[in-house]
Amino acid sequence: MALQCGIVGLPNVGKSTLFNCLSNAKAQAANFPFCTIEPNVGVITVPDDRLTRLAELVHPGRIVPTTVEIVDIAGLVKGASQGEGLGNKFLANIRETDAIIHVLRCFDDDNVTHVDGSVNPVRDKEIIDTELQLKDLETIESRIQKVQKQAQTGGDKQARQVYDVLVRYKEALEQGLNARTVSFESKDEQKIAHDLFLLTSKPVMYVCNVDEGSAVGGNAYVEQVRQAVKDENAEILVVAAKTEADIAELETYEDRQMFLREIGLEESGVSRLIKSAYKLLNLETFITAGEMEVKAWTYHRGWKAPQCAGVIHTDFEKGFIRAEVIKYEDYIKYGSEAAVREAGKLSVEGKDYVVQDGDIMHFRFNV
């Protein structure tokens, strides 16, 4: 399951610096707008200590963690919805992502210019929100023109449903609200809403980019952001991107951990960001473990065993018979699959089993 998050924000807020922390790809981090002309794509390994501990017991040929794609999208500016800056192209890039990582500048530095002349993360957030909302409103109004007559006079039930969804979105957007604030109860309406691919319906994580001294406790700017987004279904993460970039340059894991401890952090911003992205998108991980490999697989929370089998291969889902499941804690406690079996801790599950995060799975199927 390929997961893609897009990093957005105004120019010079630290997007490319954060991207460079997250990925082996190196976007140009420069002190002027639009230094990222093409969206840079980096593939990040999702940190999971469970794979390492299992590998110590299984001794596989390789360890295969799951990954997330991060797209560094050039800085949006006021008027982007009308094509200002390089707006139209970048708005299209955002549309293709699963979630938005919205970077907000929450630090003072006279050496780094701000496109609007002063540091104000709430104003910056509202500028981006407005541009995305205007683009969504344009999409909605265009769709309304196509279905309105059919919905109101043609007796077409489906067209009426589509029209009703569009009108609800239009009302919210005209009030300056994001599409994600609108919820629908019926599955038909939810599907219609999903298929619109609105920019402001995407889950969002606000990353407050702070100076090193604010990396642990945040600062007044961060508190302003917290107040501004308290009614949104959004994650907030405090990261000192420049410091994280310095840490990423260190060669050994031990050196990086020592640096983190020195500034009072237990975990890197990269790890916290990926975990937050998973939480935001309701994603979890199941594991397969054998002599060939120990591998992590991403699935949506609430999925049943056949759906998870399909993540490995569509044939596994089509021909699903059963799943053999070992809880991660049991595997670690007993030390091997054979010992787990002997202890009666391996369960055999059918089509209705809801997979849990960290389950070690073996699927039986017949095609």
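Conventions and cut-offs
- Residues numbered from 1 in each chain as written.
- Predicted model: local features only at pLDDT ≥ 70, side-chain atom pairs only at ≥ 80, totals over all residues.
- Heavy atoms only, no water.
- Helix = DSSP H or I, 4+ residues; strand = E, 2+ residues; numbered from the N terminus.
- Buried < 20%, exposed > 50% of the residue type's maximum accessible area, 1.4 Å probe, protein only.
- Contact = heavy atoms within 4.5 Å.
- Areas by Shrake-Rupley, 256 points an atom, 1.4 Å probe, with all protein chains shown as cover.
- Core = buried A, V, L, I, M, F, W, Y, C linked by side-chain atoms within 4.5 Å.
- Salt bridge = Lys/Arg side-chain N within 4 Å of Asp/Glu carboxyl O.
- Polar contact = N/O pair within 3.5 Å; in protein donor to acceptor, adjacent residues only side chain to side chain.
- Arc of directions from axis to C-beta.
- Phe/Tyr/Trp six-rings, centres within 6.5 Å; stacked < 30°, edge-to-face > 60°.
- Pairing = 2+ DSSP bridges.
- Axes fitted to C-alpha atoms, helices over the stretch in contact; angles between N-to-C directions.

### Observations regarding the overall build of the chain
When you go through the chain residue by residue, the secondary structure sums to 14 helices and twelve strands. Within the chain, buried positions represent 49% of all 367 residues. Pairs at least 24 apart in sequence give 69% of the contacts found in the chain among residues at least 6 apart. Put simply, the chain shows about 18,400 Å² of open surface, and 47% of that area lies on carbon and sulfur atoms.

### Brief notes about the nonpolar core
By size, the foremost hydrophobic cluster in this structure holds 55 residues, and its most contacted members are Leu18, Ile70, Ile101, Val207 and Leu273. Broken down by element, this core gets its largest block of residues, six residues, from helix H10 (residues 269-280). If sequence neighbours within four positions are ignored, Val207 has contacts with Leu18, Ile101, His102, Val103, Leu104, Leu237, Val239 and Leu273.

### Some thoughts on the pattern of salt bridges
All chains considered together, the criterion is met by 18 salt bridges. Where Glu174 meets Lys170, a salt bridge forms, and the shortest distance between an N and an O atom there is 2.6 Å. Taken together, the positions of Glu174 and Lys170, both in helix H5 (residues 157-174) and four residues apart, correspond to about one turn of that helix. Under the relative-accessibility criterion, Lys170 is labelled partly exposed at 24%.

### Section: the side chain of Asp359
Assignment of secondary structure puts Asp359 in the loop between strand S11 (347-349) and strand S12 (360-365). Separated by 2.6 Å, the side chains of Asp359 and Tyr353 make a polar contact. Beyond its immediate sequence surroundings of up to four residues, Asp359 is in contact with Thr285, Phe286, Ile287, Val325, Ile326, Lys327 and Tyr353.

### Some thoughts on helix H2 (residues 49-58)
Looking at H2, one finds that the buried residues are Arg50, Leu51, Leu54, Ala55 and Val58. Angularly, the buried residues of H2 cover 135° about the axis, an arc narrow enough to put them on a single face. Among the exposed residues of H2, those pointing more than 90 degrees away from its buried face are Asp49 and Glu56. Positioned one or two residues after H2, His59 has a phi angle of 55°, which is positive.

### Digging into the packing of aromatic side chains
Considering all chains together, one arrives at six aromatic pairs under this definition. Consider the rings of Tyr169 and Phe184, whose centres lie 5.4 Å apart with planes at 75°: the pair is edge-to-face. On the criterion of sequence distance, the pair formed by Tyr169 in helix H5 and Phe184 in the loop between H5 and helix H6 (187-194) is long-range, its members being 15 residues apart. In terms of burial, Tyr169 and Phe184 fall into one category: buried. Residues Phe286 and Tyr299 carry aromatic rings whose centres are separated by 5.9 Å and whose planes lie at 45° to one another, so their mutual orientation is tilted. With Phe286 in strand S8 (residues 283-289) and Tyr299 in strand S9 (residues 293-300), the pair connects residues that are 13 residues apart, well separated along the chain. What links up through ring pairs into an aromatic cluster is the set Phe286, Trp297, Tyr299, Phe320 and Phe363.

### Regarding the side chain of Ser268
The residue Ser268 is located in the loop between helix H9 (253-262) and H10 in this model. At 3.2 Å, the side chain of Ser268 and the backbone nitrogen of Ser271 are in polar contact. If sequence neighbours within four positions are ignored, Ser268 has contacts with Glu244 and Leu260.

### Notes on the environment of Asp231
With respect to the helices, strands and loops of the structure, Asp231 is situated in the loop between helix H7 (220-228) and strand S7 (235-239). With relative accessibility at 73%, the residue Asp231 sits in the exposed group. For the pair Asp231 and Thr181, spaced 50 residues apart in sequence, the C-alpha to C-alpha distance is 9.0 Å.

### Here's the deal with the sheet that holds strand S4 (residues 67-72)
Read from one edge to the other, the open sheet built from six strands follows the order S2-S4-S1-S5-S6-S7, with strand pairing classed as mixed. Among the strands making up the open sheet, the edge pair consists of strand S2 (40-45) and S7. Neighbour-to-neighbour, the strand axes of the sheet open up by a mean angle of 25°, direction not taken into account. Across five bridges, the pairing between strand S6 (residues 204-209) and S7 is parallel. Its bridge partner lying in S7, Met205 is registered against Glu235. The sheet strands contacting H7 are strand S5 (99-105), S6 and S7, and the helix crosses S7 at an angle near 170°.

### Points about the environment of Val294
Take Val294: it is sitting in strand S9. We classify Val294 as buried; its relative accessible area is 0%. The sequence separation of Val294 and Gly61 amounts to 233 residues, and the corresponding C-alpha distance is 8.2 Å. With near-sequence residues (within four places) excluded, Val294 lies in contact with Leu51, Leu54, Ala55, Val58, Pro60, Arg62, Ile63, Val64, Ile287, Thr288 and Ala289.

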